[in-house]
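So the chains spell out like this:
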Amino acid sequence: MPEPIKVISQNPPGGRCTLYALYAAELETCLGLSKRVIHSDCRNAHGDGFPSLVLKGVVLKPSDGVILSPEDICSGLENTGIDLSGVPDLAARLEAIQERFLEGT
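Residues numbered from 1 in each chain as written. Predicted model: local features only at pLDDT ≥ 70, side-chain atom pairs only at ≥ 80, totals over all residues. Heavy atoms only, no water.

A. Just the sheet that holds strand E2 (residues 35–39), in detail. Read across the open sheet, the 4 strands follow the order E2-E1-E3-E4; overall the sheet is mixed. Looking along the sheet, the strands with just one partner apiece sit at the ends: E2 and strand E4 (58–59). Two elements, strand E1 (residues 5–9) and strand E3 (residues 52–55), share 3 bridges in a ladder whose sense is antiparallel. Opposite isoleucine 8, over in E3, you have serine 52 as the bridge partner. The sheet contacts of helix H1 (residues 15–31) involve E1, E2 and E3, and relative to E1 the element is tilted by about 165°. (Pairing = 2+ DSSP bridges. Helix = DSSP H or I, 4+ residues; strand = E, 2+ residues; numbered from the N terminus. Contact = heavy atoms within 4.5 Å. Axes fitted to C-alpha atoms, helices over the stretch in contact; angles between N-to-C directions.)

Here you go:
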């Protein structure tokens, strides 16, 4: 079984923790990868603490240094060898999640 997508989150989750969990749920649905949420007290964004999204042991880093974008995630998936050809609209799905989140709905 492939290594799960890990979301490192504070408890209760804040903004980016919630967004990353939403991203992970979509990846779980689209790619059939399992999702695991790990609660942490360590504040270390995009590292060992929250908020972080980890694929195959690799912590994804946001290109803007602040928040993971759909492009960051798709690039990270491809860099870890995950085939995205079966979900050509994955970036659009993740963008829709990000837009809804940023709009507060």
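Once the structure has been displayed, the description carries forward.
B. The arrangement of the side chain of histidine 46 in detail. Mapped onto the secondary structure, histidine 46 falls in the loop between E2 and E3. Of the polar contacts made by the side chain of histidine 46, one reaches the side chain of tyrosine 20; its length is 2.7 Å. For histidine 46, the contacting residues outside a window of four places in its chain are Arg16, Tyr20, Pro51, Ser52, Val59, Leu60, Lys61, Pro62, Val66 and Leu68. (Polar contact = N/O pair within 3.5 Å; in protein donor to acceptor, adjacent residues only side chain to side chain.)

C. Expanded view of the packing of aromatic side chains. Overall, the coordinates contain 1 aromatic pair when judged by the stated rule. Taken together, a centroid distance of 6.3 Å and an interplanar angle of 15° make the contact between tyrosine 20 and tyrosine 23 stacked. A residue pair is termed a helical-turn pair when its members lie 3 or 4 positions apart in one helix, as tyrosine 20 and tyrosine 23 do in helix H1 at 3 residues. The exposure classification of tyrosine 20 matches that of tyrosine 23, with both residues buried. (Phe/Tyr/Trp six-rings, centres within 6.5 Å; stacked < 30°, edge-to-face > 60°. Buried < 20%, exposed > 50% of the residue type's maximum accessible area, 1.4 Å probe, protein only.)

D. Examining the side chain of glutamine 98 more closely. Topologically, glutamine 98 is positioned in helix H3 (residues 90–103). The class for glutamine 98 is buried, based on a relative accessible area of 16%. Sequence-distant contacts of glutamine 98, defined by excluding residues within four places in its chain, comprise Leu19, Tyr23, Leu68, Ser69 and Pro70.

Just distances and angles here, no functional claims.
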